[in-house]
Amino acid sequence: MASEPELLPALTPPRCPHCLARMKTIDVTAGPEGFEHRIFKCSLCGQTQESVIVCDPIRSHAVGWLKSGELKPPS
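The notes below deal with the structure included here. If you're wondering where the values come from, they're calculated on a predicted model, not measured in any experiment.

## A closer look at the pairing of strand β3 (residues 48–54)
Alignment of strand β2 (residues 35–41) against β3, held across seven bridges, turns out to be antiparallel. Of the residues in β3, the one forming a bridge with Phe35 is Val54. Hairpin remark: β2 followed by β3, antiparallel, with six residues in the connecting loop; positive phi at Gly46, about 85 degrees.

The following block contains the structure:
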C-alpha cells in the first residue's frame, strides 16, 4: 500500500524518501500561476527531489484582490 504524501506548509521542506532526514531547498523557480518549482536535496545521503508547491498567498497576485475586494471583517 502506497503511503500518502506528507502535507506541509510551503516553507517546510519534505523528508528524504531514502533516509527520512529533512531536505534542504537548493533551487526555486516560477511554476504555473500560484505555484513554484522547488528542488530539494538531502544533506545526509544526497538524494534530490523536485516538487511543485503552492506559493505564499500573501506574496501572490491574490494580494490585490484581498485588499480591494468585497471581503470585509464581521461587524
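## A few points about the state of the cysteines
Simply put, the disulfide is a covalent bond whose two ends are the sulfur atoms of two cysteines. Inspection of every chain in the model, using the stated rule, returns zero disulfides. Unpaired in terms of disulfides, Cys16 finds its nearest cysteine sulfur in Cys45, a separation of 3.5 Å. With no disulfide partner, Cys42 has as its closest neighbouring cysteine sulfur the one in Cys19, 3.4 Å distant. The exposure class of Cys42 is buried, given its relative accessible area of 2%.

## Brief notes about the environment of Gly31
Mapped onto the secondary structure, Gly31 falls in the loop between β1 (24–30) and β2. By relative accessible area, which is 28% here, Gly31 ends up partly exposed. Along the chain, Gly31 and Ile53 lie 22 residues apart, while their C-alpha atoms are 8.6 Å from each other. With near-sequence residues (within four places) excluded, Gly31 lies in contact with Glu36 and His37.

## Remarks on the pairing of β1
Pairing geometry for β1 and β2, over six bridges, is antiparallel. Bridge pairing in β2 places Val28 opposite Arg38. Counting the residues that bridge the hairpin from β1 to β2 gives four residues, and of these Gly34 lies at a positive phi of roughly 90 degrees.

Scoring rules and cut-offs
Residues numbered from 1 in each chain as written. Predicted model: local features only at pLDDT ≥ 70, side-chain atom pairs only at ≥ 80, totals over all residues. Heavy atoms only, no water. Pairing = 2+ DSSP bridges. Helix = DSSP H or I, 4+ residues; strand = E, 2+ residues; numbered from the N terminus. Disulfide = S-S within 2.5 Å. Buried < 20%, exposed > 50% of the residue type's maximum accessible area, 1.4 Å probe, protein only. Contact = heavy atoms within 4.5 Å.

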